[in-house]
Amino acid sequence: MLDKYGNQATSFGSLADGSLHSMSFSTPNQPASCNWKLGTGPCNPSAATSSVTFRDKLVFDGSKLKEPGVIKWKFTIDGSEDDGPGGYSRSNAWAQFGASIGLTASNLNWHYVQNGDTIAGEIMMPGGPESTLELWVTAGLATYAYHGGSADYSHTARFSWDLPAGLTYWSQSGVFMADHPPVPSVPEPSSLALVSAGLLAICFRVRRTKQVQRPERNATVAHVARR
């Protein structure tokens, strides 16, 4: 939204891709008599603020997990701030992922953030028949700009996660992270080594069996030929 003085603020979010966008720009254009630092005027209004949040309820189904797993999540901030010649700017971000609001694995609430900051955490997921876990996810982003400053976090603050292989979920909205399906966790190198060793053992066993059986087949054919 752009006002008649040139201040601009906009924000939007999407549950489908777990993203938040916020931008605030305050106009530096002022009458010659205006000096914010000295408090002289008159001055045109030069302030812009914008904020956005999303919230969703998730239910995880761990019935296909043979053992408990770990849900790893993070909320990454991407943006920039510019105070301009005489103004200032600020931005806030927060994220919660847990059993309920206020009971969370990790929470950064109304802290000043910078480009590249990450809010992250881990939650244990039980495994076995009838294993379920109900969680709430909430994230927010706000920007403020005054007297010619700007805060541009329209590039994206994005939620992402890694889920154990076999873990499924549904969301109250029906669309949470639908555009970015979770990537199953990659097995540890030791697990891959065991799998590789097992495959080699199977191949060796099959090859060994064929080598043992082949002489019998040849002997039978030779016996028939002699008749």
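A brief structural summary. For every chain, the first residue of the written sequence is number 1, and numbering continues from 1 along that sequence. In view of the model being predicted, local features appear only for residues whose pLDDT reaches at least 70, and side-chain atom pairs are presented and counted only at 80 or more, with totals across whole chains, interfaces and linings using the full set of residues. Side-chain measures were taken over the full set of non-hydrogen atoms in the model, leaving aside hydrogen atoms and water.

### Some words on the environment of Gly84
Then comes step 1: Tracing the backbone through its elements, the reader meets Gly84 in the loop between strand S4 (69-82) and strand S5 (88-100).
Then comes step 2: Per-residue accessibility, obtained with a 1.4 Å probe over protein chains only, is compared with the maximum for each type, and a residue is labelled buried under 20%, exposed over 50%, and partly exposed between these values. Gly84 gets classed as partly exposed once you look at its relative accessible area, which sits at 34%.
Then comes step 3: Spatially, the C-alpha atoms of Gly84 and Pro28 are 8.0 Å apart, while their sequence positions differ by 56 residues.
Then comes step 4: Contacts between residues were defined by any pair of non-hydrogen atoms, one from each residue, lying within 4.5 Å. When near neighbours in sequence (up to four residues on either side) are disregarded, Gly84 contacts Gly148 and Gly149. Numbering of helices and strands runs from the N terminus, with a helix taken as a DSSP run of H or I at least four residues long and a strand as a DSSP run of E at least two residues long.

### A word on the nonpolar core
Then comes step 1: In these notes, a set of buried Ala, Val, Leu, Ile, Met, Phe, Trp, Tyr and Cys residues joined through side-chain atoms within 4.5 Å is what counts as a nonpolar core. With 28 residues, the main nonpolar core has Phe60, Phe75, Phe97, Phe159 and Trp161 as its most contacted residues.
Then comes step 2: Secondary-structure elements contributing two or more residues to this core are strand S3 (47-61), S4, S5, strand S8 (118-125), strand S9 (132-146) and strand S10 (150-163).
Then comes step 3: If you tally residues by element for this core, the top one is S10, at five residues.
Then comes step 4: Residues within four places of Phe60 in sequence aside, it is in contact with Ile71, Phe97, Met125, Ser131, Thr132, Leu133, Leu135, Trp161, Leu163, Leu167, Thr168 and Tyr169.

### A look at the pattern of salt bridges
Then comes step 1: By definition, a salt bridge exists where a carboxyl oxygen of Asp or Glu is found within 4 Å of a side-chain nitrogen of Lys or Arg. A complete count under the given rule lists two salt bridges for this structure.
Then comes step 2: Its salt-bridge partner being Asp17, residue Arg158 comes within 3.6 Å of it at the nearest N-O pair. Here Arg158 is found in strand S10, whereas its partner Asp17 is found in the loop between strand S1 (8-14) and strand S2 (19-25), with 141 residues between them in sequence.
Then comes step 3: With its nearest N and O atoms 3.6 Å apart, the salt bridge here joins Glu134 to Lys57. In this pair, Glu134 sits in strand S9 while Lys57 sits in strand S3, placing the two residues 77 residues apart along the sequence.
Then comes step 4: Its relative accessible area of 41% is what places Glu134 among the partly exposed residues.
Then comes step 5: Residue Lys57 is classed as buried on the basis of its relative accessible area, which comes to 19%.

### A short note on the side chain of Asn7
Then comes step 1: Inspection of the secondary structure assignment puts Asn7 in the segment before S1.
Then comes step 2: A distance of 2.8 Å separates the side chain of Asn7 from the backbone nitrogen of Thr27, its partner in a polar contact.
Then comes step 3: A polar atom in the side chain of Asn7 sits 2.9 Å from the backbone oxygen of Pro45.
Then comes step 4: Residue contacts for Asn7: discarding those within four places in its chain leaves Met1, Leu2, Phe25, Ser26, Thr27, Pro45, Ser46, Ala47 and Ala48. Polar contacts here mean pairs of N or O atoms no more than 3.5 Å apart (in protein, one a potential hydrogen donor and the other a potential acceptor; neighbouring residues in sequence count only if both atoms are side-chain atoms).

### Remarks on the state of the cysteines
Then comes step 1: By convention in this document, the label disulfide applies to cysteine sulfur atom pairs within 2.5 Å. In total, this model carries one disulfide according to the counting rule given.
Then comes step 2: A sulfur-sulfur distance of 2.0 Å marks the disulfide that ties Cys34 to Cys43. Between Cys34 and Cys43, the S-S torsion sits near 105°, and that sign places the bridge as right-handed.
Then comes step 3: Accessibility expressed as a relative area gives 14% for Cys34, which makes it buried.

### Remarks on unusual backbone geometry
Then comes step 1: Here the amide bond leading from Gly41 into Pro42 is cis, since omega sits at 10°, within 30 degrees of zero.
Then comes step 2: Mapped onto the fold, Pro42 is located in the loop between S2 and S3.
Then comes step 3: For His147, which is not glycine, the phi dihedral falls at a positive 55°.
Then comes step 4: With respect to the secondary-structure elements, His147 resides in the loop between S9 and S10.
Then comes step 5: On the accessibility criterion, His147 (23% relative accessible area) is partly exposed.
Then comes step 6: In this structure, Met177 is a non-glycine residue whose phi angle is positive, near 60°.

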